[in-house]
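Observations on chain architecture
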Amino acid sequence: MLNAGQAKIRSFRVVPDLPEALQPLLEIAHNLWWTWHPEAVDLFKRLDRELWQETYHNPVRLLGSTTQSMLDRAASDRSYLHQLNAVHARFREHMEGAGWFQKQYPAFVDATVSEGVTKVPELRVAYFSAEFGLTECFQIYSGGLGCLAGDHLKSASELGVPVCAVGLLYRCGYFHQYLNADGWQQETYPDQDFPNQPIRRIIDPETGEQYRVTVELPGRDVTVGIWECDVGRVKLYLLDTNFPENDRADRDITRTLYGGDIETRIQQELILGVGGIRALDKIGEKPNVFHINEGHAAFLALERIARLRAEHNCSFEDARTAAAGAHIFTTHTPVPAGIDRFAPELVEGYIGRMCGPLGLDLEGLLSLGRSDVFNTNELFSMAVLALRTSNYANGVSRLHGNVARGMWKDIWPQVPEPEIPIGHVTNGVHARSWVSPTLSRLFDRYIGPDWQQDPGDFDAWDAIEEIPDEELWLAHCRQREKLITWARRRIRAQMKHRGSGHDDIESAAAALNPDIFTIGFARRFATYKRGTLLMNDPERLRRLFNDEDRPVQLLVAGKSHPADGPGKELIRDLVKFASESDHLNRIVFLEDYDIEVGRRLVQGCDIWLNTPIRGMEASGTSGMKAAMNGVINVSILDGWWDEGYDPEVGFAIGKGETYDDRDAADSIESRALYDALERRILPEFYQRDESGLPRQWVRRMKASIRQHTPRFSTNRMVADYAEQFYLLAHGATQTLMANNLEGARDLARHVQRFREQWDNVSVRSVIADVGAAVPARTPITVRTHVTLGDLNPEEVRVQLYHGEVTSLGDLAHGVAMDMSPVAGEETDDGSTVFQGTFAASGSGRRGFTVRVIPRDDRLVGTIIPGMMTWHDGNHHSPEPVRASERVAQGA
């Protein structure tokens, strides 16, 4: 290889030379719309099936590698041209037609709206993520987070939600995995060959050069190039530092995903957040809502605040108030250790220069990343930065919302945990990307071809019952057969690469059987996911696999982070265990887990196994993909399965318990898993009627598809984001940004007034005529005297907070209701009297207290930290409410 430093190399790009009749192929190949349309994929397969496999399903590379004779033959094939024209027409219809959002909210997407529709500024959402999983040939993703982001864009395109996206263009992507002879994971990082990817440089028409921006790093400016990838109607902008004007270390900032050290990570996140905002401005994109998908992109908030200060000559608080109204932060991490956190000195070195543009001193800047702003030893958390600069935040499942509120409650120390301003939008998956083409055709035939278009039409899925049991079971068996045929090829290739002998290779491939019960387990190999829980009792597992009447096989895939030694040990232990005698060779580890491996598994297995420690799986989406294919979930009640589980559709391991002792948890839950397999799952699967059908199993498959496909699709998820966050943030930001930030300035002044006066706010007394016991549903009137300092009664919300009293005297399941000021009543101490009435519902111990919070209708989606005063003036969560004090006891 000739090093670029040895000679000046002039480069140029070679592009496919297609006959005129085949030109639409280029347009389709360069838009990832083809990834969720099997009829488009079939166009490329028909050109050369072997080459399609060799290019790893990359149509751009395939078109550049196909022989001219093959292209000429296709150009004269009338059936091929008919299919091409039909697919191209469908593509153009998608690109130009109105989606769900345009129909539901026309005023937000069209500069010229019909009569009677009030015009508002158009909505434009910028979705930032460190990774995007769109297709297997374009590896700028590592796993679930990236695939979720990719599916988000696909659904936004289908629904017509006005989204653009920003990510990083990793030259070598995430690592490729193989195992050595000892079963130890090895990593390789081949270049991605950008000229043969479905991306293109964005060219400045004035200079003819690629658009570039710069990002300041310590002692130098780094040049960042901007690329474009089309995902249906959605533009994905990708940032790349591999430019000659950068030094070698800076060129490698975007070399690998999640590679390098902690400095590489902060550099990447500055390129993504700061560079991303500058890139959007450079190319003329004008988003007004910003969705921060995990904390990696949180630096965008600082860049936006600095820009607003410079543009409007305002204070930090004015600019932060304006910016935060447009920010939505989605956290995917259920443990603090999973969040990117940086040492204060590292933060100072990399973003200390922003203190001036932000109008902050260094301590003020660092406090933005701390849960406790006064703890100078606390690391700078990207998630906390996002929370402090976003008015809207959410977890990615109902259970994860609860977990996230517990994780970050210290930011709002007075607020009861259920009221911490972090909601949830449960994740989903893009059904057409993950449902097998065989099943998609069944859905089209029996449910209708628009089954994916309307995110709210759950009732349409009742038509799944119209599919004959025989037809659905046959389709599933064909998928399992395809999976096993593919897995055998994969096993042969990986064992040959490992240096195994021919007999060993063929014996391993022959161990898999297309007609037997197949378990799938594929996910990142982190210790909390417990990839070897099924092997917790080796003897019991051997009995399971040696049962000739109910044979079992297990397909496993997953990567461990290169720095995760314990995760690698799990893979090695699994491979070693599977190499033992008996039928354990039907436990197979498939190397290099990626989108294709995952798609094959979720389409062809019989059950999908998930065994995380409860509370540590934020959502998980692979089980959703499996469920849509009629694959039955068997899982710990964690993440999405905590809300998706129903005895009709799948199986739960345990009942949602948590354990302090990890070994005890493994022992109890592995026994529960063995019991479920032996007593319920395998008997049901192998119980056949006179026609050879497992009728009960097929009923379960139908129930899984019917319940889960509409409920856990990204079309439903993106619609939820649009209606719960995007439109709300859009409305808020229009109010805050108007007239030179007049709304933001006024709100910031009001918040500052609250801060100056809040020490003077106290609840002096609470009076209620309630005895030790009252009949259920009896109205109870409560009066309270509140001192407000210089605040007016209209500036606060005095709330009666009532609920159940626990055996420890705590107030649980609290409900807040506003109290009203009592007009004309004077007090000796200058306090204001408020009054409210509630009814003690149910029976048992009930209690109440009173609190005061700021009132400003512009505080949408957020709570001001440090401003919630409870009775007795305590600036923390309510003191335990004693039964002898204020308890409404049911009769």
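Residues numbered from 1 in each chain as written. Predicted model: local features only at pLDDT ≥ 70, side-chain atom pairs only at ≥ 80, totals over all residues. Heavy atoms only, no water.

1. Focus: the nonpolar core
Heads up, the condition is: As used in this record, nonpolar core signifies buried Ala, Val, Leu, Ile, Met, Phe, Trp, Tyr and Cys residues forming a set joined through side-chain atoms within 4.5 Å. Three exposure classes are used, based on accessible area relative to the maximum for each residue type with a 1.4 Å probe and protein chains only: buried under 20%, partly exposed in between, and exposed over 50%. Numbering of helices and strands runs from the N terminus; a helix is a DSSP stretch of H or I covering at least four residues, while a strand is a stretch of E covering at least two.
Judged by nonpolar contacts, the single largest core of 182 residues is most densely connected at Leu-22, Leu-25, Phe-128, Phe-299, Ile-351, Trp-408 and Tyr-726. Ranked by the residues each element gives to this core, the list is headed by helix α29 (residues 714-757), at 16 residues. Within the second largest apolar cluster, 92 residues are counted, among which are Ala-431, Ile-484, Ala-626 and Val-698.

2. Some details on the sheet that holds strand β28 (residues 832-839)
Our working definition: At least two bridges found by DSSP between two strands are what make those strands a pair.
Here four strands make up an open sheet; going across it, the order is β23-β24-β28-β27 and the pairing antiparallel. Since the sheet does not close on itself, it has two edges, and those belong to β23 (762-768) and β27 (820-821), each with one partner. Bridging between β27 and β28 involves two bridges; their strand directions are antiparallel. The residue bridging Ser-820 from the neighbouring strand is Gln-835, located in β28.

3. As for empty space enclosed by the protein
This is how it is decided: As defined here, a cavity is a set of points on a 1 Å grid over the protein atoms alone where a 1.4 Å probe fits but cannot get out. A pocket is an open set with protein on both sides within 12 Å along at least five of seven lines, and residues line them when an atom is within 4 Å of a point. Grid points are joined across faces, edges and corners, and a volume is the space filled by probe spheres set on the points. Throughout this entry, Asp, Glu, Lys and Arg are counted as charged residues, while Ala, Val, Leu, Ile, Met, Phe, Trp, Tyr, Cys and Pro are counted as nonpolar. The remaining residues, Gly among them, count as polar.
Applying the stated criterion across every chain yields a total of five cavities of 30 Å³ or more. Considering only enclosed or pocket space, the largest cavity measures out at about 70 Å³ in volume. Forming the walls of the largest cavity are 11 residues, and the residues nearest its centre are Trp-451, Gln-452, Asp-454, Pro-710 and Ser-713. Taken together, the residues of the lining of the largest cavity sort by class into four nonpolar, five polar and two charged.

4. Re the pattern of salt bridges
Put simply, the rule is: A pairing counts as a salt bridge when a side-chain nitrogen of Lys or Arg comes within 4 Å of a carboxyl oxygen of Asp or Glu.
This structure, assessed with the given rule, holds 62 salt bridges. Between Arg-92 and Glu-96 there is a salt bridge, with its nearest N and O atoms 3.0 Å apart. Residue Arg-92 and its partner Glu-96 are located together in helix α6 (residues 78-96), separated by four residues, close to a single helical turn. On the basis of relative accessible area, Arg-92 is assigned to the partly exposed category, the value being 26%.

5. What about the packing of aromatic side chains?
When we look at a pair of aromatic rings, we describe it by the centre distance and by the angle of the planes. Rules: By convention, a stacked pair of Phe, Tyr or Trp rings (six-membered ring in the case of Trp) has centres within 6.5 Å and planes under 30 degrees apart, an edge-to-face pair has planes over 60 apart, and any other such pair is tilted. Note on geometry: a ring has a charge over it if NZ (lysine) or CZ (arginine) is within 6 Å of the ring centre and within 35 degrees of the ring normal.
Applying the stated rule across the entire model yields 32 aromatic pairs. Each ring, one from Trp-34 and one from Phe-44, has its centre 6.3 Å from the other, and the planes form 75 degrees; the classification is edge-to-face. Here Trp-34 is found in the loop between α1 (23-29) and α2 (38-47), whereas its partner Phe-44 is found in helix α2, with 10 residues between them in sequence. There is no split in this pair, since Trp-34 and Phe-44 are both buried. Here a set of aromatic residues connected by ring pairs shows up, and it is made of Trp-473, Phe-517, Phe-685, Tyr-686 and Trp-697. Between Arg-523 and the ring centre of Phe-521, over which it is positioned, the NZ or CZ distance is 4.8 Å.

6. Observations regarding the sheet that holds strand β17 (residues 517-522)
Definition in use: Axis geometry follows a simple rule: fit a line to the C-alpha atoms, using only the stretch in contact for helices, then measure angles between N-to-C directions, giving values from 0 to 180 degrees. It only takes one pair of heavy atoms within 4.5 Å for two residues to be counted as in contact.
Strand order in the open sheet formed by six strands is β19-β18-β17-β20-β21-β22, with parallel pairing between adjacent strands. Edge strands, defined here as strands with exactly one partner in the open sheet, are β19 (587-590) and β22 (651-653). Averaged over all pairs of adjacent strands, the angle between strand axes in this sheet comes to 20 degrees, irrespective of strand direction. Direction of pairing for strand β18 (residues 552-557) relative to β19: parallel, over a ladder of four bridges. Directly across from Leu-554, in β19, lies its bridge partner Ile-587. Relative to β19, helix α20 (residues 469-498) is tilted by about 70 degrees, and along the sheet it contacts β17, β18 and β19. Against the sheet, helix α24 (residues 595-604) makes contact with β17, β18, β19 and β20 (607-610), and its axis sits at roughly 155 degrees relative to β18, the strand it touches most.

7. Describing the packing of helix α11 (residues 299-312) against helix α12 (residues 316-324)
For clarity, the cut-off: Each angle receives one of four descriptions, namely roughly parallel if under 35 degrees, roughly antiparallel if over 145, roughly perpendicular if within 65 to 115, and oblique otherwise. A crossing counts as left-handed when the near helix is turned anticlockwise from the far one by less than a right angle, and as right-handed when that turn is clockwise.
Viewed as axis vectors pointing N to C, α11 and α12 meet at an angle of 120 degrees, and their least axial separation amounts to 9 Å. Taken together, the axes of α11 and α12 are oblique relative to one another. Handedness of the crossing formed by α11 with α12: right-handed. Facing Arg-304, Ile-305, Leu-308 and Arg-309 of α11, the residues of α12 in contact are Phe-316, Ala-319, Arg-320, Ala-322 and Ala-323. Grouping the amino acids of the contact of α11 with α12 by side-chain chemistry returns six nonpolar, no polar and three charged.

8. Thoughts on the packing of α2 against α6
As a packed pair, α2 and α6 sit with axes 9 Å apart at the nearest point and diverge in direction by 150 degrees. Considering the angle they form, α2 stands roughly antiparallel to α6. Note that α2 runs across α6; the crossing there is left-handed. For the pair α2 and α6, contact is made by Glu-39, Ala-40, Asp-42, Leu-43, Arg-46 and Leu-47 and by Ser-79, Tyr-80, Gln-83, Leu-84, Val-87 and Arg-90, respectively. For the contact of α2 with α6, the per-class residue count stands at six nonpolar, two polar and four charged.

9. Here we look at the side chain of Asp-230
Structurally, Asp-230 is set in strand β9 (residues 220-231). Excluding its chain neighbours within four sequence positions, the residues that come into contact with Asp-230 are His-30, Asn-31, Leu-32, Arg-200 and Lys-235.

10. As for the pairing of strand β5 (residues 176-179)
Because side chains alternate across β5, one face comprises the buried residues Gln-177 and Leu-179, and the other comprises His-176 and Tyr-178, none of which is buried. Two strands pair when backbone bridges link them, and β5 and strand β6 (residues 185-188) are joined in this way by four bridges, in the antiparallel orientation. Across the sheet, Tyr-178 pairs through a bridge with Gln-186, a residue of β6. Here β5 folds back onto β6 in antiparallel fashion, the turn holding five residues, of which Gly-183 has a positive phi close to 85 degrees.

11. Some points on unusual backbone geometry
Positive phi values are uncommon outside glycine, yet Asp-193 reaches one of about 60 degrees. Along the chain, Asp-193 falls in the loop between β6 and β7 (200-201). Overall, Asp-193 belongs to the partly exposed group, its relative accessible area being 36%. Although it is not a glycine, Tyr-258 sits at a positive phi angle of roughly 55 degrees. Positionally, Tyr-258 belongs in the loop between α9 (248-251) and α10 (262-283). The exposure class assigned to Tyr-258 is buried, which follows from its relative accessible area of 14%.

12. Focus on the environment of Gly-352
You can see Gly-352 is positioned in the loop between α13 (344-351) and α14 (355-358). A sequence separation of 331 residues divides Gly-352 from Ala-21, and the C-alpha atoms of the two residues are 57 Å apart.

13. Some thoughts on the environment of Pro-612
Relative to the assigned elements, Pro-612 resides in the loop between β20 and α25 (622-628). Relative accessible area serves as the criterion here: at 0%, Pro-612 is assigned to the buried category. Linking Pro-612 and Ile-484, residues 128 residues apart in sequence, is a C-alpha distance of 26 Å. Discounting chain neighbours no more than four positions away, the residues touching Pro-612 are Tyr-528, Lys-529, Arg-530, Glu-617, Ile-636 and Asp-638.

14. Overview of the pairing of strand β4 (residues 163-168)
In terms of burial, β4 is a largely internal element, six of the six residues being buried. Of the two faces of β4, the one holding Val-163, Ala-165 and Gly-167 and the one holding Cys-164, Val-166 and Leu-168 are both buried throughout. Bridge count between strand β1 (residues 125-128) and β4: four bridges; the pairing is parallel. Each bridged residue has a counterpart across the sheet, and for Ala-126 the counterpart in β4 is Cys-164.

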